[in-house]
Amino acid sequence: MVGKVPVGGGAPISVQSMTITKTADVEGTLAQIYALKGAGADIVRCTCNEKEAAEGLARIVPRSPVPIVADIHFHVEMALAALEAGVDCLRLNPGNLRKTEEIKLVARECKDRGVPVRIGVNAGSLDPRLYKKYGGATPEALVESAHIELGLFAEVGFDNVKISVKASNVPLMVEAYRQLSETVDHPLHLGVTEAGPPPAGTIKCTAGIATLLSEGIGDTIRYSLTADPVEEAKAGRVLLEALGLRERTGVDLIACPACGRAEIDVYKVAQEAQAALESRDIPLQVAVMGCVVNGPGEARSADLGIAAGRHRGHLFIRGQIVRVVPEDEMVAALVEEAEKLVEEGVAARLAAADRDAAGEAEKDRRALLDSKGDDANRSEERVEMIAKRLRDALDGDSPAG
Ligand code: SF4
């Protein structure tokens, strides 16, 4: 348990991220923690690198909406201060906290307080002795680093541990986690470290994390992006939703990639729809399709969608067109229909659409009958006019003859 969040043992995969504010800035850090939670983070890590940071943690932890992990490098006294501040978990880096007695001291303290530790091995800060032994940061070296730390913890009877063996190289990280999962039963925290800015960074993280999750390896994940950490939390949440490992809470917008057939600016409409639906937290799969020819069929599985055609938007529910709106009202109509769909359900909305269609058809029928009546009247007038012309012609007083 990290605070109230279970990690491992069949618990749902959790999403983590890390604040980039100074931890001493209590209000700024809390604002970021709330933003991360809003984007999908279950657990948040804050650095505890100085006395002021530990003091900040003591004020942040009681007000945080999610469990807080203190990130510790180099200084054992920062680990102890973070525990004193009441954090829910410590992350220790075995690469730069290497004094045996100090490590055992922290482990004893964590054991007494019931606080878990993440052994956070990192290829970029691997213990130089292991680096030398293996000739570099190999998967074996990363795994051995975790085992050495576990051994020290075992000496004091502490095993409330989760482990990460991160690297920025995806195949290296994947292999290290595979080897680790063969040799330990502890929950694993997955991540591709220092992945860089999106989109490449996001793709690297997804490649590594999704590969392992698909093999049943991993209990908690973090995207390490050179970006607003909200993007990390969002990416982690979206990955779990996409893999069916987390129930979707908001909108899932699907959109066609557009092609020469597209009759609208698909990207613009998709972005506008995403923004409008996201802010309403609507739990539907919504499609934006560039043309009415293929759109509704291609997006048949979407709850709701819109496809453009002849300067109009064709709203469809599960592939069935239910309404046609002017092009400039497409996004507003989509949002309105999404709200009704959430409120009334698919069956009720399709039935309403059928009733509307029946009403329209009746109007059309009446209009047709009226127009036929008009045509009949017009025909009679025309026959009368021709007859009059014939009579006039026969009388010889008209040039029409
Ligand atoms: S829905 Fe229409 S515009 Fe979009 S990719 Fe398919 S064919 Fe092209």
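Everything quoted here is computed from the prediction, not taken from an experiment.

When helices and strands are tallied, the chain shows 13 helices and 13 strands. Since a compact globule built from 401 residues should have a radius of gyration of about 21 Å, the 33 Å found for the chain marks it as more spread out than a globular shape. Expressed as a percentage of its 401 residues, the buried residues of the chain come to 42%. By sequence separation, contacts in the chain at least 24 residues apart represent 63% of the contacts at least 6 residues apart.

What follows covers helix 9 (residues 229-242). With 14 residues, helix 9 ought to run about 20 Å at 1.5 Å a step, and its terminal C-alpha atoms sit 20 Å apart, in line with that. The buried count for helix 9 comes to 10 of 14 residues, which makes it a mostly enclosed element. What helix 9 keeps buried is the set Pro229, Glu232, Ala233, Lys234, Ala235, Gly236, Arg237, Val238, Leu239 and Leu240. Buried residues along helix 9 sit in contact with strand 1 (14-18), helix 1 (26-39), helix 8 (200-214) and strand 8 (220-225). Trailing helix 9 by a residue or two, Gly244 shows a phi angle of about 75°, which is positive.

Another aspect to go through is the pairing of strand 9 (residues 252-255). Sheet topology places strand 9 next to strand 10 (residues 285-289); four bridges connect them, and they run parallel. Counted as the bridge partner of Asp252 is Gln285 from strand 10. A crossover connection joins strand 9 to the parallel strand 10 through helix 10 (residues 266-278); in handedness this β-α-β unit is left-handed.

Taken together, the five strands give an open sheet; going across it, the order is 9-10-11-12-13, and neighbouring strands pair in mixed fashion. With partners counted over all chains shown, the strands left at the sheet margins are strand 9 and strand 13 (320-326), one partner each. Across the sheet, the axes of successive neighbouring strands diverge by a mean angle of 20°, strand direction being ignored.

Turning next to unusual backbone geometry. Looking along the chain, the bond that leaves Pro198 and enters Pro199 is cis, with omega of 0°. Tracing the chain through its elements places Pro199 in the loop between strand 7 (189-196) and helix 8. Phi is positive for Glu194, which is not a glycine, with a value near 45°. Mapped onto the fold, Glu194 is located in strand 7.

With that settled, the discussion passes to the pairing of strand 10. Judged by how many residues are buried, strand 10 sits mostly within the fold: four of five residues are covered. Of the strand pairs in this sheet, strand 10 and strand 11 (residues 304-309) are connected by four bridges, and their pairing is parallel. Following the sheet pairing, Val288 is matched in strand 11 by Ile306.

Another point: the nonpolar core. Of all hydrophobic cores here, the largest spans 74 residues; its most connected members are Cys48, Leu57, Ala70, Ala82, Val87, Leu90 and Leu142. Once residues within four sequence positions are removed from consideration, Ala82 is found in contact with Cys48, Ala54, Leu57, Ala70, Ile72, Val87 and Leu90. Among the nonpolar cores identified, the runner-up in size contains 30 residues, and Ala273, Ala307, Ile317 and Val331 belong to it.

So, on to the domain arrangement of the chain. Here the chain is described as being made up of domain 1 (14-242) and domain 2 (252-344). Just the C-alpha atoms count here: the centres of domain 1 and domain 2 sit 40 Å apart.

Taken N-terminus to C-terminus, the directions of helix 6 (residues 139-155) and helix 7 (residues 170-183) make an angle of 45°; their axes are 8 Å apart at the nearest point. In terms of their interaxial angle, helix 6 and helix 7 are classed as oblique. Where helix 6 crosses over helix 7, the two elements pack in a sense that is right-handed. Where helix 6 abuts helix 7, its residues Pro139, Glu140, Leu142, Val143 and Ala146 lie against Leu172, Glu175, Ala176, Gln179, Leu180 and Thr183.

For Lys363, the location among the structural elements is in helix 13 (residues 346-395). Overall, Lys363 belongs to the exposed group, with 10 C-beta atoms counted inside 10 Å. Along the backbone, Lys363 and Arg246 are 117 residues apart, and their C-alpha atoms lie at a distance of 47 Å.

The next point concerns the sheet that holds strand 6 (residues 161-166). Taken in spatial order, the eight strands line up as 6-5-4-3-2-1-8-7 in an open sheet, and their pairing is parallel. Each edge of the open sheet is held by one strand with a lone partner, namely strand 6 and strand 7. On average, each strand axis in the sheet is tilted by 20° relative to the strand beside it, whichever way the strands run. As paired elements, strand 4 (residues 89-92) and strand 5 (residues 117-122) share three bridges and run parallel to each other. When the bridges of strand 5 are listed, Leu90 appears paired with Val117.

Turning our eyes to something else, we now look at the environment of Ile33. As for its position among the elements, Ile33 is in helix 1. Residue Ile33 is classed as buried on the basis of its 23 C-beta neighbours within 10 Å. For the pair Ile33 and Thr19, spaced 14 residues apart in the sequence, the C-alpha separation amounts to 6.9 Å. Those residues in contact with Ile33 that sit more than four places away from it in its chain are Thr19, Val44, Ser64, Pro65 and Val66.

The rules behind the values
- Residues numbered from 1 in each chain as written.
- Predicted model: local features only at pLDDT ≥ 70, side-chain atom pairs only at ≥ 80, totals over all residues.
- Helix = DSSP H or I, 4+ residues; strand = E, 2+ residues; numbered from the N terminus.
- Rg over C-alpha atoms; globule rule 2.2 N^0.38 Å.
- Buried ≥ 20, exposed ≤ 12 C-beta atoms within 10 Å, placed from the backbone.
- Contact = placed C-beta atoms within 7 Å.
- Expected span 1.5 Å × (residues − 1).
- Pairing = 2+ DSSP bridges.
- Right-handed = clockwise from strand over helix to strand, strands pointing away.
- Axes fitted to C-alpha atoms, helices over the stretch in contact; angles between N-to-C directions.
- Core = buried A, V, L, I, M, F, W, Y, C linked by C-beta atoms within 7 Å.
- Domains from an automatic or database assignment.
- Parallel < 35°, antiparallel > 145°, perpendicular 65-115°, else oblique.
- Left-handed = near helix turned anticlockwise from the far one by under 90°.

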